[in-house]
Amino acid sequence: MVKLHRFSFLLFLFFILFGLPQQYDAQAQVVETPLPLDPLTSQERLSARAIASANAEVKRLLGLGERKLIDVEFLSVKPNDEALMIEDAGQPILVPRYAVVVFYRYDGNLGVRATVDLKSKKVIEVTSMDGDLVPISMEEVAQASTLVLNHKELQQQLPPNKYKTEVVRVLASNQNDPCWKRRCLGILFRDMKTRSYWFNSPEVTVDLTGKTVSMGRKERSR
Amino acid sequence: MNIRKGLTLLFFMTALFVASPQTVFAAPCSSPYYIEQQFPSTGAEQTRWRLCWRMEKKYGLIITSADFRKSPTSPWVRVFWDARIAEIFVPYHTGTPRFYDIMNYNWPWVPITNTHCPASAGKRLGSGPDICKEVRDRGVSWADDALVRRGQELVLWGVIDASNYNYIIEWTFRDDGTILGRSGATGLIFAGHEETGHMHTTTWRLDVDFNGSSGDSVYLGTHTEIGLTGNDTQSQIFNETGVTWDPEKFSEFNVYDATLKNARGHQSSYRLMPLRWGTARHDEAFTKNDFWVTRQKVGELYAANLPSYVLPSDPVSGTDIVIWYSGSAHHRVRDEDGIHDAAGNWTGVTQMIWSAFTMMPHNLFDKSPLFP
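Not measured: the values here are computed from a predicted model. (Residues numbered from 1 in each chain as written. Chains lettered and ligands numbered in written order. Predicted model: local features only at pLDDT ≥ 70, side-chain atom pairs only at ≥ 80, totals over all residues.)

Draft legend 1. A look at the pairing of strand 9 (residues 165-174) of chain B. Residue and element names in this part refer to chain B. The buried count for strand 9 comes to eight of ten residues, which makes it a mostly enclosed element. Two strands pair when backbone bridges link them, and strand 8 (residues 147-162) and strand 9 are joined in this way by ten bridges, in the antiparallel orientation. Each residue of the ladder has a partner; that of I160, found in strand 9, is Y167. Counted between consecutive antiparallel strands, the loop separating strand 8 from strand 9 contains two residues, among which S163 sits at a positive phi close to 55 degrees. Here nine bridges tie strand 9 to strand 10 (residues 179-187), and the two strands are oriented antiparallel to one another. For F173, the partnering residue across the bridge sits in strand 10 and is I179. Here strand 9 folds back onto strand 10, and the loop between the two strands holds four residues, one of which, G177, carries a positive phi near 90 degrees. (Buried ≥ 20, exposed ≤ 12 C-beta atoms within 10 Å, placed from the backbone. Helix = DSSP H or I, 4+ residues; strand = E, 2+ residues; numbered from the N terminus. Pairing = 2+ DSSP bridges.)

What follows is the structure in structure tokens.
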């Protein structure tokens, strides 16, 4: 009886340690082994970027001039109902994990969009688009801020370390506009202490395509 | 039975329970992106939601799958595959500027602090991109004299840092199966436009998979009054199109599944109903309609492109559909928004203004929900 008791206790421990149902496993997943609808992991983002950047068609469209990575976004392609039904049977749904990698090419105001299958590590689609449809990246926002803060004329007007910059997109609506088909941002200056805007600031526009800062532009957006 | 025998039996039974092959739901997302919420939040379950969420740059809080169970013994019914903001369009009354705050930017999220989401109100979920999860008392859900029931709701919200504005993207899942989507705007008035009124028109993209992705159809619900009689009708929308909201007709979108019926044999649906204070019509074509229905296609994510998404106009009958809804918060500038100080600087903050919609189950329950 004592042996049976010990055996059952060990069996109990074994099941407790190794026999937990799948629902608990799912909860315990670490981020680096994502489930189908988890956000992209940092590793997946890096991988998607590398795979897209190495693709011949992406390279061809981006050319040799200046280009920038704009975003890596998760794309979940919906499985059919039959595939989804296995969720309730205790099996993970089979949702392919894709990433959409968007680049911007300054020369020619062009966007390039590559869809990467993260499992096969292949680019499955490459398309180009009008650069005006490519969103501004946070890296470009930071770049615009650097250009402004290093601008000599503005440095004379801006008390150092008092203002931070915020941006708005400038999309020109006609060919006579200096920002026509260029990557432009309007700059707002915000007092870091009072959080208010610098009311008397000049109208400042950064042209990221030409890396120039201009003052006195009237319209900050279309 | 002696104690040893009893313990042995208990061990065996526990071990068998834990290790037996169970047909448990395999969550499609991991913690903290997976949420299950039973109602009432304590005691025996009556209803339950399960869902996944994701906080993304640009879109803010996205709901990636949401299922509802009307009783512990009922099957789960999927409502959303993906629910997100598709645009926040901000045209100023002077004609310019006109901001597309989703399509043209990759705005980051605002980190949620204990001030946003104190422990007394809820719980922060996620790290880096994070959100606030609250389970709220929602007031009286029904009453019959002294017989009263207070309701509860699960509320998830995150914040987009859109330059001078913060946008709160909020999703609410109620104990009676009702869903609310809200978009709130707060922050500093755009510099140089402190006196200029403007709109914050939010368009939601709702990939509704009612009881699964296939077999969904959309009907336009309409109310009319003729003489002393009122009449409620609905007509099916067969092809991709936009529809205007008529306040006198209580226009609503009703989404039906081909097969889902309640125990009374009535066809179940979810009704998308506006919660609005007015209707913003601008020069931009996508603002000419308040509702749109499209066939679900990968990559169709921006509201501004809706007029092109419906050309050619594909069939949307008994298929995988997406419904879109636009609601506007009209910001008439007021002294409460702030003031110019002695140096001419603007100080102050715009109080939160909301635009919203609700989705209500119709003939999903067999009787009054949460009723004794």
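Having seen the structure, we can now continue with the description.
Draft legend 2. Broad picture of the confidence of the model for chain B. All names here are of chain B. Within chain B, residue pLDDT values average 93, and 94% of them lie at 70 or more. For the stretch residues 15-22, pLDDT sits under 50, and the model shows eleven contacts to residues farther than four places along the chain or on other chains. The complex model carries a pTM of 0.89, and its ipTM stands at 0.88. (pLDDT = per-residue confidence, 0-100. Contact = placed C-beta atoms within 7 Å.)

Draft legend 3. Representation of the sheet that holds strand 7 (residues 131-144) of chain B in the model. Residues and elements named next belong to chain B. Across the sheet, ten strands lie side by side as 6-7-8-9-10-21-16-15-12-13; this open sheet has antiparallel pairing. Edge positions in the sheet fall to strand 6 (123-125) and strand 13 (229-237), since each has one partner strand and no second. Between one strand axis and the next, the sheet turns by 25 degrees as a mean value, whatever way the strands run. (Axes fitted to C-alpha atoms, helices over the stretch in contact; angles between N-to-C directions.)

Draft legend 4. Representation of unusual backbone geometry in the model. Residues and elements named next belong to chain B. In the segment running from T96 into P97, the intervening peptide bond is cis, with an omega of 5 degrees. Here P97 shows up in the loop between strand 4 (77-91) and strand 5 (98-100). The omega torsion across L311 and P312 is -10 degrees, close enough to zero to call that bond cis. Positive phi is not limited to glycine here, since K58 has a value of about 75 degrees. Assignment of secondary structure puts K58 in the loop between strand 2 (47-56) and strand 3 (60-69). The buried category is assigned to K58, around which 22 C-beta atoms lie within 10 Å.

Draft legend 5. Quick look at the sheet that holds strand 2 (residues 97-105) of chain A. Residue and element names in this part refer to chain A. Spatially, 1-2-3-4 is the arrangement adopted by the four strands of the open sheet, whose pairing is antiparallel. Where the open sheet ends on each side, the last strands, each with one partner, are strand 1 (67-76) and strand 4 (122-130). Each strand axis lies, on average, 20 degrees off the axis of its neighbour in the sheet, ignoring direction. Note that strand 1 and strand 2 share nine bridges and pair antiparallel. In the strand pairing of strand 2, E73 is matched with V100. Set on the sheet, helix 3 (residues 42-54) makes contact with strand 1, strand 2, strand 3 (110-117) and strand 4; between it and strand 2 the angle comes to about 55 degrees.

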